[in-house]
Amino acid sequence: MFYHKCPRCASKISISSFLQHSNINTVTSTFPASNPITHSQPSITSNNEESNLLLHYLSNRKLQEARNLLEKMPQRGNCSSNVVCWTSILSNFAKEGFINEAQSLFNLMPQRNLVTYNAMLSVYVQSGRINDACRFFEEMPEKNVVSWTSMLCGLTHVGRILDARVLFDNMPDKNVISWNSMIVGLIRNGELMEAQKLFNIMPERNQVSWNTMIAGYAENYMMEEARVLFDSMLEPNVVTWTSLIAGYCRAGDVEEGYRIFSG
């Protein structure tokens, strides 16, 4: 297979594959997940007998037995407290697709902390239960930037971009992930100019911020704007180069795409 090195980065890209890795989903793969959780067979990742027994009790609505087992389960591994262990189990259940069981476990937990609440919020968001997520978010006794950003991602993923923007504007604290998440949501919902406005006023940008805007422009055939941002980047990476090259090819200017590819 033919490879060529980007002239400003050491990473290799293949001419036959760069078109496969250039959309907005590629440049935002580090964001909190927002795809629905799929249900698999009951084999919890930890493979722990107590976890599997707990899952059995919860699946069969034997809540008292589940509560008794939960209170008897010892701390394990590097867990600093029972609540850390219980939260870990909750997350494992959710990853395997046992959303109702994770919800029941949360309700049964004798103790909870902010990490537990954020884990349960993430369960609702990632499983597509956005109404449950909204209700749960409003009822959370405490929230941090992780809570707000998780809810933000959930709203943008289901297309509730106006609600997401209101939430974003009311966030007491924002980090670069929060800004990037809002920009991604705007681009995915066709609000490219609004995304550019946010990008322009970001207090801090990282590589994902730049790559997201460049990919957004490229996907909408706005190659002049994409090129301006590209030329402003200090350290474009393989994702940046791939987005730009694929954008030119998509816009019909294969010659320019190949010229950039060839360095």
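Under an unreviewed UniProt entry, the name given to the protein is Pentatricopeptide repeat, and the source organism is Macleaya cordata.

Q: How would you summarise the packing of aromatic side chains if you had to cite specific residues and measurements?
A: Here the structure, examined in full by the defined rule, presents nine aromatic pairs. Above the plane of the ring of F106 lies R112, whose end atom (NZ or CZ) is 4.3 Å from the centre. In this structure, K174 is placed above the aromatic ring of F168, and the distance from its NZ or CZ to the ring centre is 4.9 Å.

Q: So what about the UniProt feature "repeat: PPR" (unreviewed entry) in the protein? Which residues, and what values?
A: When the UniProt feature table is mapped onto this chain numbering, "repeat: PPR" (unreviewed entry) sits at residues 82–112, 113–147, 175–209 and 237–263. With 74% helix and 0% strand, residues 113–147 has its two end C-alpha atoms placed 13 Å apart.

Q: Account for the packing of helix α7 (residues 130–139) against helix α8 (residues 145–157), naming residues and giving values.
A: As a packed pair, α7 and α8 sit with axes 10 Å apart at the nearest point and diverge in direction by 155°. By the angle between their axes, α7 is roughly antiparallel relative to α8. In this structure, α7 meets α8 at a crossing whose hand is left-handed. In this structure, α7 contributes I130, A133, C134 and F137 to the contact, and α8 contributes S147, W148, M151, G154 and L155. Across the contact of α7 with α8, the residue classes tally to seven nonpolar, two polar and no charged.

Q: Lay out the nonpolar core in plain terms, naming residues and giving numbers.
A: Judged by nonpolar contacts, the single largest core of 63 residues is most densely connected at L90, L121, F136, M151, M182, I183 and M213. Considering every element that reaches this core, the biggest residue donor is helix α6 (residues 114–126), with eight residues. Excluding residues that lie within four positions of it along the chain, M182 makes contacts with L152, T156, I161, A164, R165, F168 and L198.

Q: I'd like a rundown of unusual backbone geometry, residues and numbers included.
A: Despite not being glycine, Y221 has its phi angle at roughly 65°, a positive value. Note that Y221 resides in the loop between α12 (207–219) and α13 (223–232). Exposure remark for Y221: the relative accessible area of 51% places this residue in the exposed category.

Rules and cut-offs
Residues numbered from 1 in each chain as written. Predicted model: local features only at pLDDT ≥ 70, side-chain atom pairs only at ≥ 80, totals over all residues. Heavy atoms only, no water. Phe/Tyr/Trp six-rings, centres within 6.5 Å; stacked < 30°, edge-to-face > 60°. Lys NZ or Arg CZ within 6 Å of the ring centre and 35° of its normal. UniProt positions renumbered as here; feature names shortened; annotations may be inferred. Helix = DSSP H or I, 4+ residues; strand = E, 2+ residues; numbered from the N terminus. Axes fitted to C-alpha atoms, helices over the stretch in contact; angles between N-to-C directions. Parallel < 35°, antiparallel > 145°, perpendicular 65-115°, else oblique. Left-handed = near helix turned anticlockwise from the far one by under 90°. Contact = heavy atoms within 4.5 Å. Nonpolar A, V, L, I, M, F, W, Y, C, P; charged D, E, K, R; others polar. Core = buried A, V, L, I, M, F, W, Y, C linked by side-chain atoms within 4.5 Å. Buried < 20%, exposed > 50% of the residue type's maximum accessible area, 1.4 Å probe, protein only.

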